[in-house]
Amino acid sequence: MDAIILQILNGLDKGSAYALIALGLTLIFGTLGVVNFAHGALFMIGAFCAVTVQRLMGLSHTEIDDTRTDFLGNPLKVDVPYLHSWFGPEVGETLISWSVPIAILLAIPVMMLIGWIMERGLIQHFYKRPHADQILVTFGLAIVLQEVIRQFYGANPIPTPAPDALRGSIDFGAWLGFPPNAIIYPAWRLVYFVFAALIIAGVFAFLQFTTFGMVVRAGMADRETVGLLGIDIDKRFTLMFGIAAAVAGLAGVMYTPILSPNYHMGMDFLVLSFVVVVVGGMGSLPGAVLAGFLLGIVQSFASMNEVKSILPGIDQIIIYLVAIVILLTRPRGLLGRRGVMEE
């Protein structure tokens, strides 16, 4: 039983990333009708926002430490982070340790700005073009963004640790009444799942309970009618593109302690996320979230050694096999709407 719970936790961890990226993809497709193959690059840029904040907070200057000497007896020169000098060693080190969560403050405006620039500068010119054109141009944009990141940050993964207080593991099984140490799980992965759940709930609440969200949902259902009412739905959809970019960016920021950022991580998640969107149903926000967690859990169980010993490599293809089965039985996906991409 404990092994099953552990695999479910692993699945929720993976599914959280899939669901967040797929949610942003579906927001863009549902509002603008654009198949955005650059969305994985937004996830990557969010991760490098965390890297940037970590480097900025780690900037240091040289000071003379009279209490320490080198082998010649001279006072030792040491590098002291500016945060230590400004706020004291304890507070400064705490801020540096929490650089990943603090990076959220940078990622939100940066990602919304990037989303706005992408939509106004490029995407808007492809609204009425075939989906194949949209895929080609956004895929090309993703490659450009990927190469820009590689140029500035290098090709190697950059370790970005979680805060010291959340770097270890917790006895999750004790919460469920299991014997001590029956289910030990990394604390940050649980934090990531909770964070993803809050973001998903926030997006749904925004669309469901705010006037802005209600107008957007109406525009998704019937854009022309909303426009005839005198509402500038295009501006709202542009903002939704920025929100979708921010969701992808936040997913990337918080995922950095789990997977060290590298310039191709966006492509690694992009294909899987599109599979998630298709399985959930094109244009369906609940479907994207449901499929994300479902496929994450399925992939987790397929990664068990007992399963791989029987079916080697099954963990690499299980998501695609599940997608084939679902689409053969439900061509619109789990919660897909009639008429979406069926013309």
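Residues numbered from 1 in each chain as written. Predicted model: local features only at pLDDT ≥ 70, side-chain atom pairs only at ≥ 80, totals over all residues. Heavy atoms only, no water.

In this section: the overall build of the protein. Along its length, the protein carries 15 helices and 4 strands. In terms of overall dimensions, the protein has C-alpha extents of about 80 × 50 × 35 Å along its principal axes. Put simply, the protein has 343 residues, and 46% of those count as buried. Counting contacts in the protein only where the partners sit at least 6 residues apart, residues at least 24 apart contribute 71% of the total. Total accessible area computed for the protein in this model is approximately 16,800 Å², and 66% of it derives from carbon and sulfur atoms. Taking the 19 positively charged and 23 negatively charged side chains of the protein as two groups, their mean positions are separated by 11 Å. (Helix = DSSP H or I, 4+ residues; strand = E, 2+ residues; numbered from the N terminus. Buried < 20%, exposed > 50% of the residue type's maximum accessible area, 1.4 Å probe, protein only. Contact = heavy atoms within 4.5 Å. Areas by Shrake-Rupley, 256 points an atom, 1.4 Å probe, with all protein chains shown as cover. Lys, Arg positive; Asp, Glu negative; His and termini not counted. Charge placed at Lys NZ, Arg CZ, Asp CG, Glu CD.)

Looking now at the confidence of the model for the protein. Mean pLDDT over the protein works out to 85, with 96% of the residues at or above the 70 mark. Of all secondary-structure elements in the protein, the lowest mean pLDDT belongs to strand 1 (residues 60-69), at 75, while helix 2 (residues 39-57) reaches the highest, 93. (pLDDT = per-residue confidence, 0-100.)

Membership of the largest hydrophobic core comes to 96 residues, with the highest contact counts inside it found for Leu20, Tyr192, Val253 and Val279. At 15 residues, helix 11 (residues 233-255) tops the list of elements feeding residues into this core. Among all residues touching Val253, those that are not within four sequence positions of it are Gly46, Ala47, Cys49, Ala50, Val100, Ala103, Ile104 and Ala107. In this structure, Ile5, Leu9, Phe172 and Ile183 belong to the second largest nonpolar core, which totals 6 residues. (Core = buried A, V, L, I, M, F, W, Y, C linked by side-chain atoms within 4.5 Å.)

A few words on the packing of aromatic side chains. For the structure shown, the criterion picks out 11 aromatic pairs. Aromatic pair Phe37 and Phe139: ring centres 6.2 Å apart, planes at 65°, arrangement edge-to-face. Here Phe139 lies in helix 6 (residues 131-153) and Phe37 lies in the loop between helix 1 (2-32) and helix 2, a separation of 102 residues in the sequence. By relative accessible area, Phe139 is classed as partly exposed at 36%. The ring of Tyr263 carries Arg150 above its face, with NZ or CZ at 5.6 Å from the centroid. (Phe/Tyr/Trp six-rings, centres within 6.5 Å; stacked < 30°, edge-to-face > 60°. Lys NZ or Arg CZ within 6 Å of the ring centre and 35° of its normal.)

Within the secondary structure, Ser273 sits in helix 12 (residues 265-280). Classification of Ser273 as buried rests on a relative accessible area of 0%. Not counting residues up to four positions away in its chain, the partners in contact with Ser273 are Tyr18, Ile21, Ala22 and Leu25.

Another point: the environment of Ile184. Assignment of secondary structure puts Ile184 in strand 4 (residues 184-186). Assessed through its relative accessible area of 38%, Ile184 is described here as partly exposed. A sequence separation of 10 residues divides Ile184 from Ala174, and the C-alpha atoms of the two residues are 9.2 Å apart. Excluding anything up to four places from it in sequence, Ile184 contacts Leu6, Ser169, Ile170 and Asp171.

We now examine the layout of surface pockets. Over the atoms a probe the size of a water molecule is rolled, and this reveals where empty space is left. Here the second largest pocket is characterised by a volume of approximately 290 Å³. Around the second largest pocket sit 14 residues that line it, and Lys14, Tyr18, Phe269, Leu272 and Gln299 are the ones nearest its centre. By residue number, the principal contributor to the lining of the second largest pocket is helix 15 (residues 314-329), which donates 4 residues. For the lining of the second largest pocket, the class distribution of residues is 8 nonpolar, 3 polar and 3 charged. (1 Å grid on protein atoms, 1.4 Å probe; cavity = no way out; pocket = protein on both sides within 12 Å on 5 of 7 lines; lining within 4 Å. Points joined across faces, edges and corners; volume = space filled by probe spheres on them. Nonpolar A, V, L, I, M, F, W, Y, C, P; charged D, E, K, R; others polar.)

It is worth spelling out the environment of Ala248 at this point. Assignment of secondary structure puts Ala248 in helix 11. Classification of Ala248 as buried rests on a relative accessible area of 0%. As a C-alpha pair, Ala248 and Leu20 span 228 residues in sequence and 6.4 Å in three-dimensional space. For Ala248, the residues in contact, after removing those within four places along its chain, are His39, Leu42 and Phe43.

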